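Examination of the molecular architecture
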Amino acid sequence: MLEILPQLLVNALITGSIYALASSGLALTYGVLRILNFAHGHVMMVGAYTFFFFTVERSLPIAESSILASLAIAVLGVLVLAVFILPFSRGNSLLPLVTTIALGSILEALVSMWFGVSVRSLPLPGAGDSLEFAGVFITPLQVGIILSALVIFAVLGFVVHSSPLGRSVRALAEHPQAAQGLGVSRTKVLLGVFTTSMLLAAYAGVLVGYETNLQPTMGGSYSLKAFAAMILGGLGNMWGTIVGALILGLLENLSIGLDFGGYSLPAGYKDAFAYVIILCALLFRPQGLFGTGERRA
């Protein structure tokens, strides 16, 4: 059983990297806006299908398709923030919860009508060729997934912790009134943060399209996994959420890859771990692994 463990750990790192890219944007949005976007997984799906449209249906080069898809997702982010979130968040912080659920259903229906409900995939020449290192197999695409996630998180870390923009974001998250009093533009910061979150989700969706496949109904599943990672790591804690995503990927791969007394869990049951993590975290540590509980008088 232990012979397969190194391969499972590599698979967990690949899966966790995709989950981390998606959930980090969700945590970033919640940390500043204090709004839970339940259409986050559907944004992953739309981003992947947008990239599919340009690369496969329009046969454009990958670089050009990436630029056009990024612009489309950025425009979508502006529209979502202006139509589905900001007008409702002023009245009640729970209303965007309902509007983003509705948005997810709308996006899923639109993609189903445009592309159909059949499973699609993003072709990449040579993506299936495996490299072997000490008995562990990994494809060049999977190496690219891990490395790109590391680069993106390094850039995010620099921007958030070492740039004037990052200081504005953290100030607005900690004390919105004081930050605005010091000249921080709430509208610009919110727009930048939300657009970044949308682009991270879209990129994660493209990686899913290359690594597995695409279907319009995938949004709900990935929204759940992103929320599970964020709840495990701590609501609004971006680095904790990334660790939570890696833990989720590890648990999923170990659960279906290891035998437990001659019994192995069917692959279709791995999605249930997101529910288990949410329930256990809310029951035993609702503030998450890296969150802090509220002090009460």
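Read on for an overview of the structure. Values in this document were obtained by computation on a predicted structure and should not be read as measured data.

Some points on the environment of Val 155
Within the element layout of this structure, Val 155 appears in helix α5 (residues 140-162). Residue classification places Val 155 among the partly exposed positions, given a relative accessible area of 47%. With 147 residues separating them in the primary sequence, Val 155 and Leu 8 have C-alpha atoms 28 Å apart.

Section: the packing of aromatic side chains
Tallying each qualifying case throughout the model produces nine aromatic pairs. An angle of 40° between the planes, with centres 4.9 Å apart, marks the rings of Tyr 49 and Phe 115 as tilted. With Tyr 49 in helix α2 (residues 40-57) and Phe 115 in helix α4 (residues 95-115), this residue pair connects regions lying 66 residues apart in the sequence. Each member of the pair, Tyr 49 together with Phe 115, is buried. Their ring planes at 70° and their centres at 6.2 Å tell us that Phe 53 and Trp 114 sit as a pair that is edge-to-face. Of this pair, Phe 53 sits in helix α2 while Trp 114 sits in helix α4; the two residues are 61 residues apart in sequence, bridging distant segments of the chain. Overall, Phe 53 belongs to the buried group, its relative accessible area being 16%. According to the relative accessible area criterion, Trp 114 is exposed, its value standing at 61%. Aromatic rings pair up to connect Tyr 49, Phe 52, Phe 53, Phe 54, Trp 114 and Phe 115 into one cluster.

Quick word on the pattern of salt bridges
Overall, the coordinates contain two salt bridges when judged by the stated rule. Among the salt bridges present, the one from Glu 57 reaches Arg 120, with a minimum N-O distance of 3.9 Å. One end of the pair, Glu 57, is in helix α2; the other, Arg 120, is in the loop between α4 and β1 (131-133), and 63 residues separate them in sequence. The class for Glu 57 is partly exposed, based on a relative accessible area of 35%. You can call Arg 120 partly exposed: its relative accessible area is 22%. Residues Glu 252 and Lys 225 are paired through a salt bridge, measuring 3.7 Å at the closest nitrogen-oxygen approach. Linking Glu 252 in helix α10 (residues 238-257) with Lys 225 in helix α9 (residues 218-233), this pair joins segments that are 27 residues apart in sequence.

What counts, and at which threshold
- Residues numbered from 1 in each chain as written.
- Predicted model: local features only at pLDDT ≥ 70, side-chain atom pairs only at ≥ 80, totals over all residues.
- Heavy atoms only, no water.
- Helix = DSSP H or I, 4+ residues; strand = E, 2+ residues; numbered from the N terminus.
- Buried < 20%, exposed > 50% of the residue type's maximum accessible area, 1.4 Å probe, protein only.
- Phe/Tyr/Trp six-rings, centres within 6.5 Å; stacked < 30°, edge-to-face > 60°.
- Salt bridge = Lys/Arg side-chain N within 4 Å of Asp/Glu carboxyl O.

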